[in-house]
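Coordinate analysis (summary)
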Amino acid sequence: MAKIYFCFYVLSLILLCYCEDKCTETLQKVEECRQKGYKVKRVEDCPVIAENSLSCRRETTCRKAVKTAVKECGYTCGEKDGAFRGVVANNVNKTVYIITPTYNRPTQLAELTIMAQSLKDVSNVLWLVVEQKMHTERVSQFLSKVSTPHLHLSSMGRVKEGNLCNGLRNEVLDFMRRYDYQYRDGVIHFANLNRVYAPQAFEEMRKVERVGIWPTERSWEQFRCKPFEFYPNQDGLRYPIDVGSIGFSSNALLDSDLSFDPDVSDVEGMSRMVAGLVKSQADLEIISCEGKFVWYLPFYSVKKDYGKDDAEEEKDSA
């Protein structure tokens, strides 16, 4: 029996050494592929390499190297060297994830149209639109004509009360965390439909490393840079930042368990989110101090009969 245990021990050592050597070798191949311009991502449990103008033969070689690394040494070795976490060469390549909550109201399509126009010519962006109760035909038809890459989500009735926008934001964060391998190395921005964006805004967002801020014109919440401070002072809020003025690293936010409290305002929800990701005000990245590329322009309530079809749809989705 002792001989059997000894043989098993020796065999384990041999396998361990083999795997370590194999791991080092394959990770070196992965690094070579990365240096040639490939980007390594996790897709479900299998990392793949996105094509980047290299030949099919070389692409196949790189794919095999990554799969071998997973097979021989698993994620532990790979993640230690950062091989499977994704590589972004510069800010230009960062994907911007725009999360927009929406619910049935007379100005809904007008607001969605303005946002769609802002995103129309922006590259490397994904628009995640989330409805309160279900996928309405009105929003589905609208999004079918939008050229910007987008996802149409809904809470399926889970968000019923409180600050609906905060609840809907949580729905999208839960979705992104379930498939977090698809949303690495980007920037998340929560875009309410009562903000108007110049195309430049989304390029500025790509500069965010962890938590970045910029001004929103006409909003109540503002900040100045010299000295850096928020104004007007809002009691109890550590970071009173307008929802249109902040971007988060997708890695930092999705790797956390932070969520929005549906019982607080947008600004307080953002303040708590920021507090969970930075240690102090000094950790905030000031993307711009005086940039004018986001405006707070709310639609005012319109009391008007907006058509039988719209009224019936609102009744159905209520």
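Residues numbered from 1 in each chain as written. Predicted model: local features only at pLDDT ≥ 70, side-chain atom pairs only at ≥ 80, totals over all residues. Heavy atoms only, no water.

1. Things to note about the overall build of the protein chain
To keep it simple, the criterion reads: Segments assigned H or I by DSSP are reported as helices when at least four residues long, segments assigned E as strands when at least two residues long, and all are numbered from the N terminus. Between buried and exposed lies partly exposed: a residue is buried under 20% and exposed over 50% of the maximum accessible area for its type, with that area taken using a 1.4 Å probe on protein chains only. Any two residues whose heavy atoms approach within 4.5 Å are treated as being in contact. Per-residue and other accessible areas were derived by the Shrake-Rupley procedure at a 1.4 Å probe size, with only the shown protein chains allowed to occlude residues.
When helices and strands are counted, the protein chain shows nine helices and 13 strands. Within the span of the protein chain, comprising 318 residues, buried residues form 48% of the whole. Considering only residue pairs separated by 6 or more positions, the protein chain has 73% of its internal contacts joining residues 24 or more positions apart. Counting only carbon and sulfur atoms, one obtains 52% of the accessible surface of the protein chain, whose full area is about 17,200 Å².

2. Describing helix α5 (residues 164-178)
Going by this rule: An expected span of 1.5 Å times one less than the residue number is assigned to each helix. We call two N or O atoms a polar contact when they sit within 3.5 Å, provided that within protein one can donate a hydrogen and the other can accept it, with sequence-adjacent residues counted only if both atoms are side-chain atoms.
A rise of 1.5 Å per residue sets the reference length of α5, with its 15 residues, at 21 Å; its end C-alpha atoms lie 21 Å apart and thus fit the reference within 8%. α5 sits mainly inside the fold: 12 of its 15 residues count as buried. Three or more residues of α5 are buried, namely L164, C165, N166, G167, L168, R169, N170, E171, V172, L173, F175 and M176. Buried residues along α5 sit in contact with β3 (96-102), β4 (125-131), β5 (150-154), β6 (187-190), α7 (250-255) and α8 (266-275). Of the residues flanking the start of α5, the one acting as N-cap is N163, its side-chain oxygen 3.1 Å from the backbone nitrogen of C165.

3. Thoughts on the pairing of β3
Applied cut-off: At least two bridges found by DSSP between two strands are what make those strands a pair. Seen with its strands pointing away from the viewer, a crossover is right-handed when the path leading from the first strand over the helix to the second is clockwise.
Within β3, seven of the seven residues are buried, leaving the element largely enclosed by the surrounding structure. Side-chain alternation along β3 places V96, I98, T100 and T102 on one buried face and Y97, I99 and P101 on a second face that is also buried. Sheet analysis places β3 next to β4, joined by seven bridges and oriented parallel. When the bridges of β4 are listed, P101 appears paired with V130. Crossover connection from β3 via helix α3 (residues 108-119) to parallel β4: handedness right-handed.

4. A short note on the sheet that holds strand β8 (residues 211-213)
Just so we agree on the cut-off: Convention adopted: a line fitted to C-alpha atoms gives each axis, helices being fitted over their contacting stretch, and angles between N-to-C directions are expressed from 0 to 180 degrees.
Spatial ordering of the open sheet is given by β5-β4-β3-β6-β11-β8-β12, a layout of seven strands whose pairing is mixed. Only two strands of the sheet have a single partner each, and these edge strands are β5 and β12 (285-286). By the bridge criterion, four bridges tie β3 to β6 in an arrangement that is parallel. By the bridge assignment for β6, I98 is matched with H189. Its contacts with the sheet place α8 against β6, β8 and β11 (246-249), and it is angled at close to 35 degrees to β11.

5. As for the packing of α5 against α8
Put simply, the rule reads: Orientation is classified from the angle alone, with under 35 degrees giving roughly parallel, over 145 giving roughly antiparallel, 65 to 115 giving roughly perpendicular, and any other angle giving oblique. Each residue gets one label: Ala, Val, Leu, Ile, Met, Phe, Trp, Tyr, Cys and Pro are nonpolar, Asp, Glu, Lys and Arg are charged, and the others, such as Gly, are polar.
As a packed pair, α5 and α8 sit with axes 10 Å apart at the nearest point and diverge in direction by 40 degrees. Here α5 lies oblique to α8, going by the angle between them. Judged by residue contacts, C165, N166, R169 and L173 of α5 engage D266, M270 and M273 from α8. Residue classes in the contact of α5 with α8 are distributed as four nonpolar, one polar and two charged.

6. A short note on the state of the cysteines
Basically, it comes down to this: When the sulfur atoms of two cysteines come within 2.5 Å, that pair is taken as a disulfide.
Per the stated rule, a full pass over the model turns up one disulfide. Between the sulfur atoms of C225 and its disulfide partner C289 the distance amounts to 1.5 Å. In this structure, the disulfide formed by C225 and C289 twists by about -100 degrees around the S-S bond and is classed as left-handed. Here C225, found in strand β9 (residues 222-225), pairs with C289, found in the loop between β12 and β13 (294-296); they are 64 residues apart in sequence, far enough to count as distant.

7. Regarding the pairing of β4
In terms of burial, β4 is a largely internal element, seven of the seven residues being buried. Sheet topology places β4 next to β5; five bridges connect them, and they run parallel. Directly across from V130, in β5, lies its bridge partner L153. Taken together, β4, helix α4 (residues 137-144) and β5 constitute a β-α-β crossover, and its handedness is right-handed.

8. Considerations on the nonpolar core
The nonpolar side chains of a soluble globular protein tend to be buried, and buried together. We count it as follows: Put simply, a nonpolar core is a bunch of buried Ala, Val, Leu, Ile, Met, Phe, Trp, Tyr and Cys residues held in one set by side-chain atoms that sit within 4.5 Å of each other.
Ranked by internal contacts, the top residues of the largest apolar core, which has 36 residues, are M176, F190, F248, V274 and L284. Contributions of two or more residues to this core are made by β3, β4, α5, β6, β8, β11, α7 and α8. Apart from residues lying up to four places away in sequence, V274 is in contact with V211, Y239, I241, I246, F248 and L284.

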